[in-house]
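# Fold and contact review
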Amino acid sequence: MAHIVILGAGTGGLPCAYEMRDVLSGEHQVTLINASENFQFVPSNPWLAVGWRTPDDISFPIRPYLEKKNIAFIAEAANQIDPKSNTITLASGNTVKYDFLVIATGPKLAFDEVEGSGPAANTVSVCTVDHAKQAWDQYQQLLENPGPVVVGAMPFASCFGPAYEFAFIMDTDLCKRKLRDKVPMVFVTSEPYIGHLGLGGVGDSKGMLESELRGRHITWITNAKVTKVDAGKMFVDEYTEDGAVKKQHELPFNYSMMLPAFKGVDAVAGVEGLCNPRGFVFVDDNQRNPTYPNIYSAGVCIAIPPVEATPVPTGAPKTGYMIESMITAIVENIKEELAGQTPSHKGTWNAICLADMGDTGAAFVACPQIPPRNVNWFKKGKWVHYAKVAFEKYFIRKMKKGSSEPIYEKYVLKALGIERLKDKKAG
């Protein structure tokens, strides 16, 4: 009998637990460890931050659903991983032994890298449900006292979509409230140009997103390195393409939502030989760590090199379809290992995303993620907004049912009319 432990219960970890349980025979034990009792559908956090959702709409306690599937659950943070003894030490001091470990923790939010940033200081975030709820509380104060807003992403951010989503969703909400004329907005991003997205652009993402920002009267600063945030004021260095400081900005604000840099969580980053200097897990084509081959990893917490060097550091995003394919590869590879076979399954590096824009939406497909690409397009329309709303409900319903079916492959590829991409591998 083997014990498979999955660390993290997000949009990668929870489906991994379900799929692992369905694929492996009952003699093997599956345990899911997560710091919280609840699953959070993170893609809906921008809606929560403007009051379009409540926490109960997009989160739920996962223990009863895991119990129905005969999956053990520990709601406790992991403090340390010892890969030599195959042991995880929890915050309580208790330990968990594993034969295979799947790391799907998501990132550590590195607010500390910019002085004065983060929910504990002067900016808000939509990276967790708790952060988005706090963002909603502060947004209500903005509605009572309208004024300048700054939205964007810090240096080393690697997921820019939610920043664009939030800017457009806030614009739509303020227009509905007849308050938009009282709220000047600036989009501040470490990207070298609007629509870069950490991907070197996708299709005409630059032109389309610039046009959307311009049409909504949102100005922008790119190649932007936020150096400090005081109460009500952000300090930003704007760089040239050659890496020289072009201009220094002091931006006043009544409200600011800035995505932070990502790093690996402490328990993972502290393992010698497991991660790169920023704490992201090294994996091979089969999602295995080269140093510790019984450790697999998927999602935001893995090491993927930037698409290109940029004047202000940016990371590469890991989108839902990519994560789902990595999880399926991990499950199949562990199954093969348990059968005495060599792991043969690979995840995809195809990036597919649905982004809401409040009253419309944008979809992009980058296959593979790193150029040159076989498929490279970016399209906008109300249908994307409706598709993302429907997908939210579909995903949460499937997680409550304990479904192990490939949700992105079944829903998103079908919605985009590109089911043929499901057979394409990395590169």
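Everything below is about the structure shown above.
Small disclaimer: the values here were computed from a predicted structure and weren't measured.

### Notes on the pairing of strand E21 (residues 361-367)
With seven of its seven residues buried, E21 lies for the most part within the structure. Here six bridges tie strand E20 (residues 351-356) to E21, and the two strands are oriented antiparallel to one another. Following the sheet pairing, Cys 353 is matched in E21 by Phe 364. The antiparallel hairpin formed by E20 and E21 contains four residues in its connecting segment, where Gly 358 sits at a positive phi of about 85°. Relative to strand E22 (residues 375-380), E21 runs antiparallel, the two being bridged by six bridges. Counted as the bridge partner of Ala 363 is Lys 379 from E22.

### Digging into helix H6 (residues 161-176)
The terminal C-alpha atoms of H6, which comprises 16 residues, lie 23 Å apart, in line with the 22 Å expected from a rise of 1.5 Å per residue. H6 sits mainly inside the fold: twelve of its 16 residues count as buried. Those residues of H6 that sit buried are Ala 163, Tyr 164, Glu 165, Phe 166, Ala 167, Phe 168, Ile 169, Met 170, Asp 171, Thr 172, Asp 173 and Leu 174. Of the residues one or two after H6, Lys 178 is the one with positive phi, at around 60°.

### Topic: the side chain of Asp 356
With respect to the helices and strands, the residue Asp 356 is situated in strand E20. The charged side chain of Asp 356 is buried without a salt bridge, its nearest counter-charge being Lys 388 at 7.0 Å. Here the side chain of Asp 356 touches Trp 47 through a polar contact of 2.7 Å, side chain to side chain. Within the structure, Asp 356 has its side chain in polar contact with the side chain of His 385 (distance 2.4 Å). Excluding residues within four positions of it along the chain, Asp 356 makes contact with Trp 47, Trp 52, Glu 165, Ile 169, Gly 361, His 385 and Lys 388.

### Here we look at the sheet that holds E20
Read across the sheet, three strands follow the order E20-E21-E22 without closing on themselves; strand pairing throughout is antiparallel. Every other strand in the sheet has two partners, leaving E20 and E22 as the edge strands with one partner each. Across this sheet, the average inter-strand angle for adjacent strands is 5°, counted without regard to direction. Lying over the sheet, helix H10 (residues 382-400) contacts E20, E21 and E22, oriented at roughly 100° with respect to E20.

### What to know about the packing of helix H1 (residues 13-23) against helix H9 (residues 320-338)
Viewed as axis vectors pointing N to C, H1 and H9 meet at an angle of 30°, and their least axial separation amounts to 10 Å. Taken as a pair, H1 and H9 cross one another with a handedness that is right-handed. Residue-level contacts link Pro 15, Cys 16, Glu 19, Met 20 and Val 23 of H1 to Ile 327, Thr 328, Ile 330, Val 331, Glu 332, Ile 334 and Lys 335 of H9. Of the residues that constitute the contact of H1 with H9, the class distribution is eight nonpolar, one polar and three charged.

### Focus on the nonpolar core
Of all hydrophobic cores here, the largest spans 104 residues; its most connected members are Met 20, Leu 32 and Tyr 255. If near-sequence neighbours (up to four positions away) are discounted, Met 20 is found in contact with Ile 4, Val 30, Val 102, Ile 330, Val 331 and Ile 334. Judged by nonpolar contacts, the second largest core, of 18 residues, contains Ile 81, Ile 88, Val 268 and Val 271.

### As for the sheet that holds strand E8 (residues 95-97)
Strand order in the open sheet made by the three strands is E6-E7-E8, with antiparallel pairing throughout. The strands lining the two open edges of the sheet, one partner per strand, are strand E6 (78-82) and E8. When the angles between neighbouring strand axes are averaged without regard to direction, this sheet yields 20°. Pairing geometry for strand E7 (residues 87-90) and E8, over three bridges, is antiparallel. The residue of E8 that forms the bridge with Thr 89 is Thr 95.

Quick notes on the rules
Residues numbered from 1 in each chain as written. Predicted model: local features only at pLDDT ≥ 70, side-chain atom pairs only at ≥ 80, totals over all residues. Heavy atoms only, no water. Buried < 20%, exposed > 50% of the residue type's maximum accessible area, 1.4 Å probe, protein only. Helix = DSSP H or I, 4+ residues; strand = E, 2+ residues; numbered from the N terminus. Pairing = 2+ DSSP bridges. Expected span 1.5 Å × (residues − 1). Lys, Arg positive; Asp, Glu negative; His and termini not counted. Salt bridge = Lys/Arg side-chain N within 4 Å of Asp/Glu carboxyl O. Polar contact = N/O pair within 3.5 Å; in protein donor to acceptor, adjacent residues only side chain to side chain. Contact = heavy atoms within 4.5 Å. Axes fitted to C-alpha atoms, helices over the stretch in contact; angles between N-to-C directions. Left-handed = near helix turned anticlockwise from the far one by under 90°. Nonpolar A, V, L, I, M, F, W, Y, C, P; charged D, E, K, R; others polar. Core = buried A, V, L, I, M, F, W, Y, C linked by side-chain atoms within 4.5 Å.

Limitation: the analysis is restricted to geometry and does not speak to function.
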